[in-house]
Amino acid sequence: MKIIKAKDYAQMSRMAANIISAQVILKPDCILGLATGSTPIGTYDQLIEWYKKGDVDFSQVTTINLDEYKGLSPENDQSYRYFMNTHLFDHVNIDKAKTFVPNGLEGDSEKACSDYDKIIAGFGGIDLQLLGLGNNGHIGFNEPDEAFAKGTHCVSLTQSTIDANARFFASLDDVPKEAYTMGIRTIMQAKKVLVVVNGRQKAGIVKEAFFGPVTPRVPASILQLHSDVTVVGDEEALSAL
Ligand code: F6R
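Figured I'd write up the structure that's included with this text. (Residues numbered from 1 in each chain as written. Predicted model: local features only at pLDDT ≥ 70, side-chain atom pairs only at ≥ 80, totals over all residues. Heavy atoms only, no water.)

## Remarks on the packing of aromatic side chains
Part 1 of the argument: Overall, the coordinates contain four aromatic pairs when judged by the stated rule.
Part 2 of the argument: Considering the side-chain rings of Tyr80 and Phe141, the 6.1 Å spacing of their centres and the 5° angle between planes classify their relative orientation as stacked. Of this pair, Tyr80 sits in helix α3 (residues 80–87) while Phe141 sits in the loop between β6 (128–131) and β7 (153–156), placing them 61 residues apart in sequence.
Part 3 of the argument: Between the aromatic rings of Phe100 and Phe123, the centroid separation amounts to 5.5 Å while the plane-to-plane angle is 55°, which identifies the pairing as tilted. Here the residue Phe100 occupies a position in strand β5 (residues 99–100), and Phe123 occupies one in the loop between α4 (109–122) and β6, the gap between them amounting to 23 residues. (Phe/Tyr/Trp six-rings, centres within 6.5 Å; stacked < 30°, edge-to-face > 60°. Helix = DSSP H or I, 4+ residues; strand = E, 2+ residues; numbered from the N terminus.)

This is the structure we're talking about:
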C-alpha cells in the first residue's frame, strides 16, 4: 500500500486527478470505478479543468459507480446518478451510455444486483477503482458487518444514515431506506485502488483501516490485502500515522 501525503484538500485532489489521468492516458478505453461523496468532488473538478485544457480525453472511457439509493430516479437530485452527471459527466466528453450506476428504479433487488455484476463482469473488471472512506470504515455502502459482502447487494441503511439524509428530502418518508452497492469482492478485484481521504475527522479511521487488524468490522481494512492500493490523504487525515 502506498500512502501519499498532500498538504491540503486541493493538493490531494490534484494528486488523485493525476493518477486517474495517467490511467486514462495509458489506457484510453479503461474502466474506471467511481465514487460519490464529498471527498472526490475536488478530484472531479480537477479532471474537468484538465479536460477543458485538452489534457485528458474521456471519449473511450467506461465508468462504473459504487452505489445508488434504491427507489431514486436518475433525475432525483439526491441520486448518485444525478451527482455523477452534475459533478463530472456533464462537463467532459464521456459517452453517457458508457457510464454505469446501479439502477435505483429496479425494485427487484436481486435483479438489480445481478444485472450490475453482469455489467462489471462483461467489461472484465475495473482497471482503477476510486474510493472515499466512511467515518466508520465503510467503502461503497459496505457497512461494518460480521462478514465481508461479496458481489453487488442491497443494504438497509442504518437509522442514523436515514436521519442524517432527512435534511435533503421533503419528509422522512421520502428518504431512501435501502441502497445497492458494489460488494467487497468486486472492489478487491479492481486492478488498482485509489483511496482519497481528507480532514482531521478521518484520522482515526485511516489508522484503524490501514494499520489495524483486517476485519469486516472495518470494511476498508480488507484493502491491506490488495496488491495495488494508493491512499492519497491530506495532512490532517494522515495525522495519526
Ligand atoms: C460514495 C460512497 C461512500 C463514500 C464515503 C465517504 O459512493 O460509496 O462510501 O465514499 O461515505 O464519503 P465522504 O467523501 O462524503 O466523506
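## What to know about the nonpolar core
Part 1 of the argument: With 29 residues, the main nonpolar core has Leu131, Val195, Phe210 and Leu223 as its most contacted residues.
Part 2 of the argument: Top contributing element to this core by residue count: helix α7 (residues 203–211), with four residues.
Part 3 of the argument: The residues touching Val195, leaving out its near neighbours within four places in the chain, are Leu131, Phe210, Leu223, Val229, Thr230, Val231 and Val232.
Part 4 of the argument: Grouped together as the second largest cluster of nonpolar side chains are 27 residues, Leu32, Met84, Leu88 and Leu128 included. (Core = buried A, V, L, I, M, F, W, Y, C linked by side-chain atoms within 4.5 Å. Buried < 20%, exposed > 50% of the residue type's maximum accessible area, 1.4 Å probe, protein only. Contact = heavy atoms within 4.5 Å.)

## A word on the environment of Gly199
Part 1 of the argument: Counting through the fold element by element, Gly199 comes out in the loop between β9 (192–197) and α7.
Part 2 of the argument: Sequence-wise, Gly199 and His153 are 46 residues apart; in three dimensions their C-alpha atoms are separated by 29 Å.

## Quick notes on the packing of helix α1 (residues 9–26) against helix α2 (residues 41–52)
Part 1 of the argument: Running from N to C, α1 and α2 point in directions that differ by 60°, and their axes come no closer than 8 Å. When the interaxial angle is binned, α1 and α2 end up oblique. When you trace α1 past α2, the crossing you get is right-handed. Of the residues in α2, those in contact with Tyr9, Ser13, Arg14, Ala16, Ala17, Asn18, Ile20 and Ser21 of α1 are Ile41, Gly42, Thr43, Gln46, Leu47 and Trp50.
Part 2 of the argument: Considered class by class, the residues forming the contact of α1 with α2 number seven nonpolar, six polar and one charged. (Axes fitted to C-alpha atoms, helices over the stretch in contact; angles between N-to-C directions. Parallel < 35°, antiparallel > 145°, perpendicular 65-115°, else oblique. Left-handed = near helix turned anticlockwise from the far one by under 90°. Nonpolar A, V, L, I, M, F, W, Y, C, P; charged D, E, K, R; others polar.)

## With respect to the pattern of salt bridges
Part 1 of the argument: If you walk through the whole model with that rule in mind, you get 10 salt bridges.
Part 2 of the argument: In this structure, the salt-bridge partner of Asp127 is Lys27, at a minimum N-O distance of 3.0 Å. Of this pair, Asp127 sits in the loop between α4 and β6 while Lys27 sits in the loop between α1 and β2 (31–34), and the two are 100 residues apart along the sequence.
Part 3 of the argument: In this structure Asp127 comes out as buried when scored by relative accessible area, which is 4%.
Part 4 of the argument: Residue Lys27 is classed as partly exposed on the basis of its relative accessible area, which comes to 32%.
Part 5 of the argument: In this structure, Arg200 engages Glu236 in a salt bridge whose closest nitrogen and oxygen atoms are separated by 4.0 Å. You can see Arg200 sitting in the loop between β9 and α7 and its partner Glu236 sitting in the segment after β10 (229–234), a full 36 residues away along the chain.
Part 6 of the argument: Its relative accessible area of 34% is what places Glu236 among the partly exposed residues.
Part 7 of the argument: One salt-bridge network, in which partners are shared between bridges, spans Lys2, Lys192 and Asp228. (Salt bridge = Lys/Arg side-chain N within 4 Å of Asp/Glu carboxyl O.)

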